[in-house]
Amino acid sequence: MAWIQEQLAAVPAWLALLIVFLLPMAEPALPLLGMLLPSQTALMASGVLAHHGALPVSAAIAMAVLGALAGNVIGHLLGRRWGPRLAANLPARVTGSRGYRAALHTVGTYSARAVLLGRFNAALRTLVPVMCGAAGVPWARYLGLSLLGSLLWAPSCVAVGLLAGGSWQKWGGSGVLAAGSAVLLLTSSLPMLLSYLSSRRSQAGAGLTTAG
(Lines give C-alpha, C1' and ligand atoms only; values in the text may rest on other atoms or scores of the structure.)
Protein backbone atom coordinates (compact mmCIF):
# COMPACT_ATOMS: atom_id res chain seq x y z
CA MET A 1 0.00 0.00 0.00
CA ALA A 2 2.86 2.41 0.74
CA TRP A 3 3.97 2.32 -2.89
CA ILE A 4 0.46 3.12 -4.17
CA GLN A 5 0.12 5.89 -1.59
CA GLU A 6 3.37 7.43 -2.80
CA GLN A 7 2.22 7.26 -6.43
CA LEU A 8 -1.11 8.92 -5.64
CA ALA A 9 0.57 11.60 -3.54
CA ALA A 10 2.97 12.41 -6.39
CA VAL A 11 0.20 13.40 -8.83
CA PRO A 12 -2.28 16.31 -8.78
CA ALA A 13 -5.40 15.79 -6.70
CA TRP A 14 -7.67 15.66 -9.76
CA LEU A 15 -5.53 12.92 -11.31
CA ALA A 16 -5.44 10.94 -8.06
CA LEU A 17 -9.24 11.11 -7.90
CA LEU A 18 -9.44 9.99 -11.52
CA ILE A 19 -7.30 6.96 -10.65
CA VAL A 20 -9.59 6.22 -7.69
CA PHE A 21 -12.48 6.22 -10.18
CA LEU A 22 -10.76 4.27 -12.98
CA LEU A 23 -9.35 1.34 -11.01
CA PRO A 24 -12.71 0.08 -9.62
CA MET A 25 -14.31 0.75 -12.99
CA ALA A 26 -11.70 -1.27 -14.87
CA GLU A 27 -11.98 -4.39 -12.69
CA PRO A 28 -15.16 -5.84 -14.27
CA ALA A 29 -14.47 -4.16 -17.63
CA LEU A 30 -11.21 -6.12 -18.01
CA PRO A 31 -12.05 -9.62 -16.73
CA LEU A 32 -8.59 -11.04 -17.48
CA LEU A 33 -6.71 -8.19 -15.81
CA GLY A 34 -9.24 -7.04 -13.24
CA MET A 35 -8.03 -9.28 -10.44
CA LEU A 36 -4.54 -7.81 -10.81
CA LEU A 37 -5.69 -4.20 -10.36
CA PRO A 38 -5.10 -2.86 -6.81
CA SER A 39 -8.39 -0.98 -6.63
CA GLN A 40 -9.14 -1.78 -2.98
CA THR A 41 -5.61 -0.83 -1.94
CA ALA A 42 -5.82 2.40 -3.94
CA LEU A 43 -9.05 3.35 -2.15
CA MET A 44 -7.42 2.72 1.22
CA ALA A 45 -4.43 4.81 0.15
CA SER A 46 -6.76 7.62 -0.90
CA GLY A 47 -8.19 7.57 2.63
CA VAL A 48 -4.72 8.06 4.09
CA LEU A 49 -4.11 10.98 1.74
CA ALA A 50 -7.53 12.44 2.54
CA HIS A 51 -6.70 12.42 6.24
CA HIS A 52 -3.56 14.44 5.54
CA GLY A 53 -5.46 16.93 3.41
CA ALA A 54 -4.04 15.83 0.06
CA LEU A 55 -7.49 14.74 -1.20
CA PRO A 56 -11.03 15.80 -0.29
CA VAL A 57 -12.52 12.82 1.52
CA SER A 58 -16.00 13.37 0.08
CA ALA A 59 -14.58 13.46 -3.44
CA ALA A 60 -12.53 10.29 -2.84
CA ILE A 61 -15.61 8.41 -1.64
CA ALA A 62 -17.80 9.75 -4.45
CA MET A 63 -15.30 8.84 -7.17
CA ALA A 64 -14.80 5.38 -5.67
CA VAL A 65 -18.57 4.73 -5.53
CA LEU A 66 -19.08 5.99 -9.08
CA GLY A 67 -16.16 3.93 -10.36
CA ALA A 68 -17.44 0.75 -8.72
CA LEU A 69 -20.95 1.29 -10.05
CA ALA A 70 -19.71 2.15 -13.56
CA GLY A 71 -17.58 -1.00 -13.56
CA ASN A 72 -20.57 -3.16 -12.67
CA VAL A 73 -22.64 -1.57 -15.44
CA ILE A 74 -19.88 -2.07 -18.03
CA GLY A 75 -19.34 -5.66 -16.88
CA HIS A 76 -23.04 -6.44 -17.21
CA LEU A 77 -23.14 -4.92 -20.70
CA LEU A 78 -20.08 -6.92 -21.75
CA GLY A 79 -21.66 -10.10 -20.44
CA ARG A 80 -24.94 -9.50 -22.26
CA ARG A 81 -23.17 -8.76 -25.53
CA TRP A 82 -20.16 -11.07 -25.52
CA GLY A 83 -20.55 -13.34 -22.47
CA PRO A 84 -20.32 -16.75 -24.18
CA ARG A 85 -17.51 -15.56 -26.46
CA LEU A 86 -15.54 -14.16 -23.53
CA ALA A 87 -15.94 -17.40 -21.57
CA ALA A 88 -14.83 -19.46 -24.57
CA ASN A 89 -11.64 -17.41 -24.93
CA LEU A 90 -10.61 -17.44 -21.28
CA PRO A 91 -7.49 -19.53 -20.60
CA ALA A 92 -7.92 -22.83 -18.80
CA ARG A 93 -6.03 -21.55 -15.75
CA VAL A 94 -8.81 -18.97 -15.29
CA THR A 95 -11.82 -21.19 -15.98
CA GLY A 96 -10.33 -23.91 -13.81
CA SER A 97 -9.59 -21.59 -10.90
CA ARG A 98 -11.45 -21.66 -7.60
CA GLY A 99 -12.46 -18.01 -8.02
CA TYR A 100 -14.06 -18.66 -11.42
CA ARG A 101 -15.99 -21.67 -10.14
CA ALA A 102 -17.11 -19.70 -7.09
CA ALA A 103 -18.29 -16.83 -9.31
CA LEU A 104 -20.29 -19.23 -11.50
CA HIS A 105 -21.89 -20.86 -8.49
CA THR A 106 -22.62 -17.54 -6.78
CA VAL A 107 -24.38 -16.14 -9.86
CA GLY A 108 -26.26 -19.39 -10.43
CA THR A 109 -27.41 -19.52 -6.81
CA TYR A 110 -28.04 -15.87 -5.93
CA SER A 111 -28.68 -14.22 -9.33
CA ALA A 112 -28.60 -10.42 -8.91
CA ARG A 113 -27.62 -10.71 -5.24
CA ALA A 114 -24.29 -12.11 -6.39
CA VAL A 115 -23.10 -8.62 -7.31
CA LEU A 116 -23.69 -7.51 -3.72
CA LEU A 117 -22.20 -10.62 -2.10
CA GLY A 118 -19.16 -10.48 -4.37
CA ARG A 119 -18.34 -6.80 -3.93
CA PHE A 120 -15.79 -7.43 -1.15
CA ASN A 121 -14.00 -10.28 -2.95
CA ALA A 122 -11.48 -9.46 -5.69
CA ALA A 123 -12.21 -12.45 -7.91
CA LEU A 124 -15.98 -12.19 -7.56
CA ARG A 125 -16.28 -8.45 -8.09
CA THR A 126 -14.25 -8.86 -11.29
CA LEU A 127 -16.11 -11.85 -12.73
CA VAL A 128 -19.64 -11.66 -11.34
CA PRO A 129 -20.83 -8.58 -13.32
CA VAL A 130 -19.90 -10.18 -16.66
CA MET A 131 -21.48 -13.48 -15.60
CA CYS A 132 -24.65 -11.69 -14.48
CA GLY A 133 -24.90 -10.08 -17.89
CA ALA A 134 -24.30 -13.38 -19.68
CA ALA A 135 -26.96 -15.05 -17.51
CA GLY A 136 -29.49 -12.33 -18.36
CA VAL A 137 -29.92 -11.07 -14.80
CA PRO A 138 -32.62 -8.32 -14.96
CA TRP A 139 -31.26 -4.78 -15.08
CA ALA A 140 -33.41 -3.13 -12.42
CA ARG A 141 -32.59 -5.49 -9.55
CA TYR A 142 -28.97 -5.83 -10.65
CA LEU A 143 -28.47 -2.05 -10.77
CA GLY A 144 -30.05 -1.50 -7.37
CA LEU A 145 -27.87 -4.15 -5.71
CA SER A 146 -24.81 -2.84 -7.57
CA LEU A 147 -25.45 0.61 -6.12
CA LEU A 148 -25.91 -0.82 -2.63
CA GLY A 149 -22.71 -2.85 -2.89
CA SER A 150 -20.75 0.16 -4.15
CA LEU A 151 -22.10 2.33 -1.31
CA LEU A 152 -20.97 -0.27 1.23
CA TRP A 153 -17.61 -1.18 -0.27
CA ALA A 154 -16.10 2.12 -1.40
CA PRO A 155 -16.64 4.13 1.83
CA SER A 156 -15.43 1.13 3.88
CA CYS A 157 -12.13 1.02 1.98
CA VAL A 158 -11.61 4.79 2.20
CA ALA A 159 -12.53 4.71 5.91
CA VAL A 160 -9.83 2.12 6.61
CA GLY A 161 -7.32 4.52 5.05
CA LEU A 162 -8.70 7.42 7.09
CA LEU A 163 -8.32 5.43 10.32
CA ALA A 164 -4.79 4.40 9.37
CA GLY A 165 -3.85 7.96 8.49
CA GLY A 166 -5.31 9.31 11.73
CA SER A 167 -3.48 6.80 13.91
CA TRP A 168 -0.20 6.50 12.02
CA GLN A 169 1.86 8.27 14.65
CA LYS A 170 -0.32 7.84 17.74
CA TRP A 171 -1.04 4.11 17.59
CA GLY A 172 0.94 2.94 14.61
CA GLY A 173 -0.91 3.12 11.34
CA SER A 174 0.40 -0.25 10.26
CA GLY A 175 -1.51 -1.88 13.11
CA VAL A 176 -4.76 -0.11 12.27
CA LEU A 177 -4.24 -0.87 8.60
CA ALA A 178 -3.65 -4.53 9.40
CA ALA A 179 -6.83 -4.64 11.49
CA GLY A 180 -8.82 -2.97 8.74
CA SER A 181 -7.38 -5.34 6.17
CA ALA A 182 -8.36 -8.27 8.37
CA VAL A 183 -11.95 -7.00 8.48
CA LEU A 184 -11.99 -6.64 4.70
CA LEU A 185 -10.51 -10.12 4.37
CA LEU A 186 -13.25 -11.59 6.55
CA THR A 187 -15.94 -9.85 4.52
CA SER A 188 -14.31 -11.02 1.31
CA SER A 189 -14.51 -14.60 2.55
CA LEU A 190 -18.27 -14.36 3.20
CA PRO A 191 -19.38 -14.91 -0.42
CA MET A 192 -17.10 -17.93 -0.74
CA LEU A 193 -18.49 -19.35 2.52
CA LEU A 194 -22.10 -18.81 1.48
CA SER A 195 -21.40 -20.37 -1.91
CA TYR A 196 -19.72 -23.37 -0.26
CA LEU A 197 -22.55 -23.89 2.23
CA SER A 198 -25.15 -23.60 -0.53
CA SER A 199 -23.24 -26.14 -2.60
CA ARG A 200 -23.09 -28.56 0.32
CA ARG A 201 -26.82 -28.19 0.97
CA SER A 202 -27.55 -28.85 -2.71
CA GLN A 203 -25.36 -31.95 -2.67
CA ALA A 204 -26.99 -33.18 0.51
CA GLY A 205 -30.46 -32.61 -0.96
CA ALA A 206 -29.50 -34.46 -4.13
CA GLY A 207 -28.18 -37.33 -2.04
CA LEU A 208 -31.41 -37.61 -0.09
CA THR A 209 -33.45 -37.52 -3.30
CA THR A 210 -31.33 -40.27 -4.82
CA ALA A 211 -31.56 -42.37 -1.69
CA GLY A 212 -35.33 -41.94 -1.61
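Everything in this summary refers to the structure shown in the same document. Because the structure is a prediction, the values reported are computed rather than measured.

Our next topic: the overall build of the protein. The number of helices and strands found in the protein is 10 helices and zero strands. Across the protein, helices and strands are ordered from the amino to the carboxyl terminus as α-α-α-α-α-α-α-α-α-α. Taking as baseline every contact in the protein between residues at least 6 positions apart, the subset at least 24 positions apart corresponds to 80%.

The subject of this paragraph is the layout of surface pockets. Space inside the largest pocket adds up to approximately 200 Å³. Around the largest pocket, the lining is made up of 15 residues, and of these G83, A87, Y100, V130 and M131 lie nearest the centre. Of all the elements in the fold, those that place two or more residues in the lining of the largest pocket are α4 (57-89), α6 (98-110) and α8 (122-134). No other element matches α8, which puts five residues into the lining of the largest pocket. Across the lining of the largest pocket, the residue classes break down as 13 nonpolar, two polar and no charged.

A complete count under the given rule lists one salt bridge for this structure. For R125, the salt bridge is made with E27, and the minimal N-O distance between the two is 2.9 Å. Of this pair, R125 sits in helix α8 while E27 sits in helix α2 (residues 13-29), and the two are 98 residues apart along the sequence.

Turning our eyes to something else, we now look at α2. Relative to the 24 Å expected for 17 residues at 1.5 Å per residue, α2 spans 24 Å between its end C-alpha atoms, a close match to the ideal helical length. Residues of α2 that are buried include every one of A16, L17, V20, F21, L23, P24, A26, E27 and P28, and no others.

Our next topic: the nonpolar core. Counting 18 residues, the largest nonpolar core has Y100, A103, V107, V128, M131 and C132 as the members making the most contacts within it. Of all the secondary-structure elements, those providing two or more residues to this core are α6, α7 (114-117), α8 and α9 (139-166). If sequence neighbours within four positions are ignored, M131 has contacts with Y100, A103, L104 and V107. Counting residues in hydrophobic clusters, the runner-up holds 12 residues, among them V20, W153, A154 and C157.

Here the focus is the packing of aromatic side chains. All chains considered together, the criterion is met by one aromatic pair. Taken together, a centroid distance of 6.1 Å and an interplanar angle of 80° make the contact between W139 and Y142 edge-to-face. Taken as a pair, W139 and Y142 lie in helix α9 at a separation of three residues, close to a single helical turn. The partly exposed category is assigned to W139, whose relative accessible area is 30%.

This next bit is on unusual backbone geometry. Despite not being glycine, S111 has its phi angle at roughly 55°, a positive value. Looking at the element boundaries, S111 is found in the loop between α6 and α7. For S111, a relative accessible area of 33% puts it in the partly exposed group.

Our next topic: the side chain of S39. By secondary structure assignment, the location of S39 is in helix α3 (residues 39-51). On the accessibility criterion, S39 (0% relative accessible area) is buried. Not counting residues up to four positions away in its chain, the partners in contact with S39 are L23, P24, E27, R125 and W153.

Attention now moves to α4. Count 3.6 residues to each turn of an α-helix, and residues three or four apart come out pointing the same way. Compared with the 48 Å implied by 1.5 Å per residue over 33 residues, the 40 Å span of α4 between its first and last C-alpha is markedly short. Taken as a whole, α4 carries its principal kink of about 85° at W82; the proline P84 stands between one and four residues after it.

It is worth spelling out the environment of V160 at this point. Its place among the elements puts V160 in helix α9. With 112 residues separating them along the chain, V160 and V48 place their C-alpha atoms 8.2 Å apart.

Each value, and the rule that gives it
- Residues numbered from 1 in each chain as written.
- Predicted model: local features only at pLDDT ≥ 70, side-chain atom pairs only at ≥ 80, totals over all residues.
- Heavy atoms only, no water.
- Helix = DSSP H or I, 4+ residues; strand = E, 2+ residues; numbered from the N terminus.
- Contact = heavy atoms within 4.5 Å.
- 1 Å grid on protein atoms, 1.4 Å probe; cavity = no way out; pocket = protein on both sides within 12 Å on 5 of 7 lines; lining within 4 Å.
- Points joined across faces, edges and corners; volume = space filled by probe spheres on them.
- Nonpolar A, V, L, I, M, F, W, Y, C, P; charged D, E, K, R; others polar.
- Salt bridge = Lys/Arg side-chain N within 4 Å of Asp/Glu carboxyl O.
- Expected span 1.5 Å × (residues − 1).
- Buried < 20%, exposed > 50% of the residue type's maximum accessible area, 1.4 Å probe, protein only.
- Core = buried A, V, L, I, M, F, W, Y, C linked by side-chain atoms within 4.5 Å.
- Phe/Tyr/Trp six-rings, centres within 6.5 Å; stacked < 30°, edge-to-face > 60°.
- Bend = angle between axes of the 7 residues up to and from the residue.

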